[in-house]
Amino acid sequence: MLHIEKLHLDADRRVIIVSDIHGSKELFKRLLEKVAYTTEDYLFIDGDLCEKGPNSLETVRYVQELERASDRVFTTQGNCDILFQHVFEGNEGIQNYMANQPHSILHEMLHHHQKRMEDFSTLEELGEFYRKHFSSELDWLGSRPVAYETDAFIIVHAGIENRPDWENTSKQSALAMPSFYEQGHQADKPVIVGHWPAVNYTADKISSNNPIIDMDKRIVTMDGGNQIKRDGQLNAVIYENDRFSFTYVDNLYSQAVVEQTHKDTTGCTGTVTYPNYEFKFLQEDSYFTLCENKSLGVKQWVKNEYLTHSGREMRSKSDVSSTFLSVKEGDVIFIINADCDGYVLIKNKQGQVGWIPKACI
């Protein structure tokens, strides 16, 4: 049985939910400022405080401070938050992970005491170091509930299994289930998750890192791709007066003002996301190539600079939007990539990501 805590929330108070901070303490603080968080609000942090970003240890300690300052702050476990357990369990795969992941709370803890992995001959020695110096933080991370259930919704990091007794979901599924939005569930209330970037669900939709709030499916999936996607963001979902809304912050600072209105007439939408990088060539244009995504079976116009060729087989070099956007003169936009021929990859104030002609700016 999962560690699930049931809560009865005051319906008159605002609920703020954040997930997948990934060591981005300052971005998280900016988000709390943007939503004007106070201790009168409920604040849920839905896992993955750690890894990928530069300040995992500081983020954990900051969230601990938030919990001490208010009994309305609640944190769930995420798969990234309990990677340290592999050290204690003697799983040698964690050594490869640490070697390939420079931004990790495990490294930060070592650096805090001027240590390196090479200073420890066994995982047992490494584990003893972590227990001696960081037992408070690690015990706290390991003791977080896997899920919270309130009268209005369920909060869990990755998802619940599609079964009537959802409480019997395995911990592996709850913390690391891929693509929960596509699988669905049988719980009688909305399930709010992070873990799987929402943009991964936009292969044939307007490219965006915004949360997907789908009350027909009773799912809110809110991972904004922070520290994972080049155009990623940190989302906050807000529940107030029986309704969900959202806002976000990101680390894009290169702004531009649109000088020429452009109305897209293609209607082309979509996003290329890992691991669905394999394509079949269909048609080449001056700036984009029409491809069929082999894994998904959808057609996507991919910017030529992002493609590698091998006959009629093609592969994307990375995630990239395949959406074309409209803009109006005077719009403020954020530049993601201005180095390609003919078009600029942008993010607008609505969080939509796509291509516009360079002549617009």
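Below, the structure is looked at part by part.

### Some thoughts on helix 6 (residues 123-143)
Consideration 1: Counted at 1.5 Å a residue, the expected span for helix 6 with its 21 residues is 30 Å, but the 22 Å between its end C-alpha atoms falls short.
Consideration 2: When the local axis directions of helix 6 are compared, the greatest deviation, roughly 100°, occurs at Phe 134.
Consideration 3: Burial in helix 6 covers these residues: Leu 123, Leu 126, Gly 127, Phe 129, Tyr 130, Phe 134, Glu 137, Leu 138, Trp 140 and Leu 141.
Consideration 4: Contacts made by the buried residues of helix 6 are with helix 2 (56-69), strand 4 (73-76), helix 3 (85-88), helix 4 (93-100) and helix 5 (105-112).

### What to know about the packing of aromatic side chains
Consideration 1: For the structure shown, the criterion picks out 20 aromatic pairs.
Consideration 2: Arranged with centres 5.4 Å apart and planes meeting at 55°, the rings of Phe 120 and Phe 129 form a pair that is tilted.
Consideration 3: For Phe 120, a relative accessible area of 17% puts it in the buried group.
Consideration 4: Taken together, the aromatic side chains of Phe 44, Phe 74, Tyr 148, Phe 153, Tyr 239 and Phe 244 make up a single cluster linked through ring pairs.
Consideration 5: The positively charged end of Arg 131 is found above the aromatic ring belonging to Phe 88, 4.0 Å away from the centroid.
Consideration 6: Lying across the ring of Trp 355, Lys 303 places its NZ or CZ 6.0 Å from the centre.

### What to know about the environment of Val 60
Consideration 1: Secondary-structure assignment places Val 60 in helix 2.
Consideration 2: Taking the C-alpha atoms as reference points, Val 60 and Leu 138, separated by 78 residues in sequence, lie 9.5 Å from one another.
Consideration 3: The contact partners of Val 60, leaving out residues within four places of it in the chain, are Leu 49, Cys 50, Ile 105, Glu 137, Trp 140 and Leu 141.

### Remarks on the sheet that holds strand 3 (residues 42-46)
Consideration 1: Taken in spatial order, the 5 strands of this open sheet run 4-3-2-10-11, and their pairing is mixed. The sheet terminates laterally at strand 4 and strand 11 (243-250), the two strands that pair on one side only. Between one strand axis and the next, the sheet turns by 20° as a mean value, whatever way the strands run.
Consideration 2: Of the pairings in the sheet, the one linking strand 2 (residues 15-18) to strand 10 (residues 233-240) comprises 4 bridges and is antiparallel in character. Each residue of the ladder has a partner; that of Val 15, found in strand 10, is Tyr 239.
Consideration 3: Packed on one face of the sheet, helix 2 meets strand 3 and strand 4 and runs near 140° to strand 4.

### Details of the environment of Thr 265
Consideration 1: Considering the arrangement of structural elements, one finds Thr 265 in the loop between strand 12 (255-257) and strand 13 (271-272).
Consideration 2: It is 8.6 Å that separates the C-alpha atoms of Thr 265 and Ser 326, two residues lying 61 residues apart in sequence.

### Concerning the nonpolar core
Consideration 1: Core analysis: the largest hydrophobic core is formed by 63 residues, its most contacted members being Val 18, Phe 28, Leu 43 and Tyr 130.
Consideration 2: Other than its neighbours up to four places away in sequence, Val 18 contacts Phe 28, Leu 31, Leu 43, Phe 44, Ile 45, Asp 46, Met 222, Leu 234, Asn 235 and Ala 236.
Consideration 3: Grouped together as the second largest cluster of nonpolar side chains are 22 residues, Tyr 306, Val 320, Cys 340 and Val 353 included.

### Points about the sheet that holds strand 14 (residues 278-284)
Backbone-to-backbone hydrogen bonds join strands into a sheet, with any given pair of strands oriented parallel or antiparallel.
Consideration 1: One open sheet holds the 5 strands; their spatial order is 16-15-14-18-17, and the pairing between them is antiparallel. With one partner strand each, in any of the chains shown, strand 16 (299-303) and strand 17 (307-310) form the two edges of the open sheet. In this sheet, adjacent strand axes meet at a mean angle of 45° when their direction is disregarded.

### Quick notes on the pattern of salt bridges
Consideration 1: Applying the stated criterion across every chain yields a total of 16 salt bridges.
Consideration 2: Notably, a salt bridge pairs Asp 41 with Arg 14, separated by 2.9 Å at the nearest N-O pair. Note that Asp 41 is positioned in the loop between helix 1 (25-34) and strand 3 and Arg 14 in the loop between strand 1 (4-6) and strand 2, a separation of 27 residues in sequence. The two residues Asp 41 and Arg 14 agree in class, both being buried.
Consideration 3: Residue Arg 163 pairs with Asp 165 through a salt bridge whose shortest N-O separation is 2.8 Å.
Consideration 4: Assessed through its relative accessible area of 26%, Arg 163 is described here as partly exposed.
Consideration 5: Salt bridges sharing partners connect three or more residues here, namely Lys 6, Glu 149 and Lys 189.

### Overview of the pairing of strand 17
Consideration 1: By the bridge criterion, 4 bridges tie strand 17 to strand 18 (residues 313-316) in an arrangement that is antiparallel. If you follow Thr 308 over to strand 18, its bridge partner there is Arg 315.
Consideration 2: Here strand 17 hands over to strand 18 after 2 residues, with Gly 311 in that stretch at a positive phi of 65°.

### Regarding the side chain of Gln 101
Consideration 1: Its location among the elements puts Gln 101 in the loop between helix 4 and helix 5.
Consideration 2: Among all residues touching Gln 101, those that are not within four sequence positions of it are Glu 51, Lys 52 and His 107.

### Observations regarding the side chain of His 22
Consideration 1: Mapping His 22 onto the fold places it in the loop between strand 2 and helix 1.
Consideration 2: Excluding residues within four positions of it along the chain, His 22 makes contact with Asp 48, Leu 49, Cys 50, Glu 51, Lys 52, Gly 53, Cys 80, Asn 226, Gln 227 and Ile 228.

### Regarding a nonpolar patch on the surface
Consideration 1: A cluster of nonpolar side chains, Ile 213, Met 215 and Phe 246, forms an exposed patch at the surface whose accessible area comes to about 230 Å².
Consideration 2: Its place among the elements puts Ile 213 in strand 8 (residues 212-214).

### Topic: helix 5
Consideration 1: By the criterion of burial, helix 5 is predominantly enclosed, with 6 of the 8 residues buried.
Consideration 2: Within the span of helix 5, buried status applies to Ile 105, Leu 106, His 107, Glu 108, Met 109 and Leu 110.
Consideration 3: Where the residues of helix 5 are buried, they touch helix 2, helix 4 and helix 6.
Consideration 4: With a side-chain oxygen lying 3.1 Å from the backbone nitrogen of Leu 106, the N-terminal cap of helix 5 falls on Ser 104.
Consideration 5: Just past helix 5, the residue Gln 114 takes up positive phi, approximately 55°.

Procedures and definitions
Residues numbered from 1 in each chain as written. Predicted model: local features only at pLDDT ≥ 70, side-chain atom pairs only at ≥ 80, totals over all residues. Heavy atoms only, no water. Helix = DSSP H or I, 4+ residues; strand = E, 2+ residues; numbered from the N terminus. Expected span 1.5 Å × (residues − 1). Bend = angle between axes of the 7 residues up to and from the residue. Buried < 20%, exposed > 50% of the residue type's maximum accessible area, 1.4 Å probe, protein only. Contact = heavy atoms within 4.5 Å. Phe/Tyr/Trp six-rings, centres within 6.5 Å; stacked < 30°, edge-to-face > 60°. Lys NZ or Arg CZ within 6 Å of the ring centre and 35° of its normal. Pairing = 2+ DSSP bridges. Axes fitted to C-alpha atoms, helices over the stretch in contact; angles between N-to-C directions. Core = buried A, V, L, I, M, F, W, Y, C linked by side-chain atoms within 4.5 Å. Salt bridge = Lys/Arg side-chain N within 4 Å of Asp/Glu carboxyl O. Patch = residues over 30% accessible without salt bridge, like charges linked within 9 Å, V, L, I, M, F, W, Y side chains within 5 Å. Areas by Shrake-Rupley, 256 points an atom, 1.4 Å probe, with all protein chains shown as cover. Polar contact = N/O pair within 3.5 Å; in protein donor to acceptor, adjacent residues only side chain to side chain.

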